[in-house]
Amino acid sequence: MWDASKCDLCGDCLVKCLYVDYDKDRAVAEIKALMEGRAAEILDQCVTCCACREYCPTGADPYDLILKAQERFAAFPISKEAAAAFDLTSAIPSELIPGDPEKPVLSLCVMERQLPEGALDSQLFRGMTIVKGGDYFCYIGYVHVGKESPIAKNAQKFIDKMGSLGKEVVFLHDDCYAMTHTKVKDYGIVVPFKYMHIFEYLRNYLRNHISDIIKLNKKVAYQRPCASRYTPEKDALLDEIFELIGVERVRRKYDGETALCCSGPLINVDRERAVQIQARNIDDAITCGADALITLCPMCDRVLRRPTSERGLNKVFITDLCRMALGEKPFPA
Ligand code: SF4
Ligand code: SF4
Ligand code: SF4
């Protein structure tokens, strides 16, 4: 949550923003305007990637300031139709598929249709209870509509729903983990259940099945989703997964703190800009010698499906990459 008392007006948040070209003076002027309740150009230019939250060295959370101002001024240039369509997310039909009571629940959020075909048909998830659909939607995706109030309004409902499962929850969607692990603290909500990120689950599974792993010996580029700006510390888990399965994470311009958004939120707002960002991102991965782009967010995976294929770069969802190392499917040629 935005904390003005932590802001020393250093300007780093918007100087580092990869979607505008502000010097320090301009960045500070933008932040000052927002702090004083005025509109600022960044509200229109922001692609809702959440990165400035991570760039801020003092933890002032400038993205929360920007997001709330975007909502107040209706500044994120999304069409009324697209915003209304997003409002239907929570109405996506829900289902609980019971599994082994000894195993944790796998939450798909509302992402089942975005997953690559057959992604769940794996030893990785055998016997797990699966929950999916609007009842399990975490609402943090509203950042991509330029709105904060639906997140605040529904945070407790989401936590109560997950808690009602009475079991440990594995979050497949990075958004849900960001919401549970970090965002709900903004609203004073205490999480009453145990949970883990899919990275931790995969890392544990691979550790426990080490003799089944066939090292892939591939180089990969990673597509870091925006929700990871709320939980950057779990990057170390990904590195451990890559090491376990014999994959080298190429050092590239757009990874870690300087990751680029997949541009999903921009596609229906400014298609030309979205396509340019995707091209920069994919070309960077290719230049660095990656055999594939690895995705974590199912939405990024879907959004980048066509642009990666058009540029001849393989794209592999993280759970599928682990399945390849377990001999369940081949690495793409
Ligand atoms: S959310 Fe991303 S695009 Fe928006 S101001 Fe912050 S860094 Fe820039
Ligand atoms: S929000 Fe953080 S990064 Fe931005 S000006 Fe304030 S202290 Fe600096
Ligand atoms: S669509 Fe994916 S990369 Fe793009 S902003 Fe959302 S999570 Fe981040």
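The structure presented is a predicted model; accordingly, all values stated were derived computationally and were not measured. (Residues numbered from 1 in each chain as written. Chains lettered and ligands numbered in written order. Predicted model: local features only at pLDDT ≥ 70, side-chain atom pairs only at ≥ 80, totals over all residues. Heavy atoms only, no water.)

A word on the pattern of salt bridges
Okay, step 1: Considering all chains together, one arrives at 27 salt bridges under this definition.
Okay, step 2: The salt bridge partner of Lys132 is Glu112, with a shortest N-O separation of 2.9 Å. Of the two residues, Lys132 is situated in strand E3 (residues 129-132) and Glu112 in the loop between strand E2 (105-107) and E3; the sequence distance between them amounts to 20 residues.
Okay, step 3: We classify Lys132 as buried; its relative accessible area is 12%.
Okay, step 4: Classification of Glu112 as partly exposed rests on a relative accessible area of 37%.
Okay, step 5: As a salt-bridge pair, Glu328 and Arg323 come within 2.8 Å of each other at their nearest N and O atoms.
Okay, step 6: Beyond isolated ion pairs, a larger network of salt bridges with shared partners links Glu54, Arg224, Arg229, Asp235, Asp239, Arg249 and Asp255. (Salt bridge = Lys/Arg side-chain N within 4 Å of Asp/Glu carboxyl O. Helix = DSSP H or I, 4+ residues; strand = E, 2+ residues; numbered from the N terminus. Buried < 20%, exposed > 50% of the residue type's maximum accessible area, 1.4 Å probe, protein only.)

Focus on the site of ligand 3
Okay, step 1: Inspection of the region around ligand 3 gives His144, Gln223, Pro225, Cys226, Cys261, Cys262, Ser263, Pro265, Cys297 and Cys300 as its neighbouring residues.
Okay, step 2: Of the residues belonging to the shell around ligand 3, the class tally is seven nonpolar, three polar and no charged. (Near = heavy atom within 4 Å. Nonpolar A, V, L, I, M, F, W, Y, C, P; charged D, E, K, R; others polar.)

Re the sheet that holds strand E1 (residues 95-97)
Okay, step 1: Read from one edge of the open sheet, five strands run E1-E3-E2-E4-E5, paired in mixed fashion. The sheet terminates laterally at E1 and strand E5 (195-197), the two strands that pair on one side only. Averaged over all adjacent pairs, the angle separating strand axes in this sheet is 20°, with direction ignored.
Okay, step 2: In this sheet, E3 lies alongside E2 in parallel orientation, the contact comprising three bridges. Across the sheet, the residue bridging to Leu106 is Ile130, located in E3.
Okay, step 3: The sheet strands contacting helix H9 (residues 198-208) are E2, strand E4 (169-171) and E5, and the helix crosses E5 at an angle near 85°. (Pairing = 2+ DSSP bridges. Axes fitted to C-alpha atoms, helices over the stretch in contact; angles between N-to-C directions. Contact = heavy atoms within 4.5 Å.)

Considering the sheet that holds strand E7 (residues 247-249)
Okay, step 1: Here we have four strands laid out as an open sheet, ordered E7-E6-E8-E9, and parallel in their pairing. Looking along the sheet, the strands with just one partner apiece sit at the ends: E7 and strand E9 (314-317). For this sheet, the mean inter-axis angle between neighbouring strands, taken without regard to orientation, is 40°.
Okay, step 2: Along the sheet face, helix H10 (residues 235-244) touches strand E6 (218-223), E7 and strand E8 (292-295) and points at about 145° away from the line of E7.
Okay, step 3: This element, helix H14 (residues 318-325), spans E7, E8 and E9 of the sheet and lies at about 90° to E9.

Quick look at the domain arrangement of the protein chain
Frequently, the measure chosen for interface size is the accessible area removed from exposure when the parts meet.
Okay, step 1: For the protein chain, the assigned domains are domain 1 (4-72), domain 2 (85-200) and domain 3 (209-325).
Okay, step 2: The centre of domain 1, based on its C-alpha atoms, is set 26 Å off from the matching centre of domain 3.
Okay, step 3: Both sides of the domain 1 and domain 3 interface together cover about 1300 Å² of buried area, and 54% of this is carbon and sulfur.
Okay, step 4: It is Leu18, Tyr19 and Glu54 that lose the most area in domain 1 upon contact with domain 3, and together they represent 44% of the buried surface on that side. (Domains from an automatic or database assignment. Buried area = accessible area lost by both parts, 1.4 Å probe.)

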